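Each chain is listed here by its residues.
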Amino acid sequence: MVYNHKLSCKREKLKDMRHFVRQVLNKYALSEIEINRLVLALDEVCANLIIHKHKCSPNRYIHLKINIVRDKKVTFEIIDNGLGFNITSYEEPSIGDILTSRRKGGLGLMLVKRIMDDIQYEANSNTCTYRLIKIFHPVNT
């Protein structure tokens, strides 16, 4: 099943995106913890695009597509205009480096990489697509 959501690049719209993702994932046999982890990963990628790439411009949009394959796997595609940051080439800083430099941020993409089973990035001259894949581990009810 495929679900689509168009998201204005306003920071406030992240709440709508999280609600949409929860509504979709609640239809499947996932634990609340797993849903929260997936929402966190999507929120991080979308927030980075909205805040850093689009500077919270309400006239810009990103598209979220959720493709769920027979309760076995979910693929999230975040589709954006133009070139973006290649998340697959991101090298994690050590926690020690983050703490000693006392810099803000730096943990979000680390979380995304730990939560998702596969991360892909595709770009052409018009769009870039971030593909986040998670294998389902259904909860017995």
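All figures in this text were calculated on a predicted structure; none of them were measured in a lab.

**Student:** Got a minute to help me understand the pattern of salt bridges in this structure?
**Tutor:** Evaluated as defined, the whole model comprises 10 salt bridges. Among the salt bridges present, the one from D80 reaches K53, with a minimum N-O distance of 2.7 Å. Separated by 27 residues along the polypeptide, D80 in strand 3 (residues 73-81) and K53 in helix 2 (residues 32-53) bring together distant segments of the chain. Between K65 and E77 there is a salt bridge, and its shortest N-O distance comes to 3.6 Å. Taken together, the positions of K65 in strand 2 (residues 61-69) and E77 in strand 3 put the pair 12 residues apart, joining distant regions of the chain. Accessibility expressed as a relative area gives 31% for K65, which makes it partly exposed.

**Student:** I tried to follow unusual backbone geometry on my own but got confused; where do I start?
**Tutor:** Glycine aside, residues mostly have negative phi angles, and peptide bonds mostly take the trans form. At K55, a residue that is not glycine, the phi angle is positive and equals roughly 50°. Looking at the element boundaries, K55 is found in the loop between helix 2 and strand 2. Given the relative accessible area of 63%, K55 is considered exposed.

Parameters and conventions
- Residues numbered from 1 in each chain as written.
- Predicted model: local features only at pLDDT ≥ 70, side-chain atom pairs only at ≥ 80, totals over all residues.
- Heavy atoms only, no water.
- Salt bridge = Lys/Arg side-chain N within 4 Å of Asp/Glu carboxyl O.
- Helix = DSSP H or I, 4+ residues; strand = E, 2+ residues; numbered from the N terminus.
- Buried < 20%, exposed > 50% of the residue type's maximum accessible area, 1.4 Å probe, protein only.

Nothing here speaks to function; it is all geometry.
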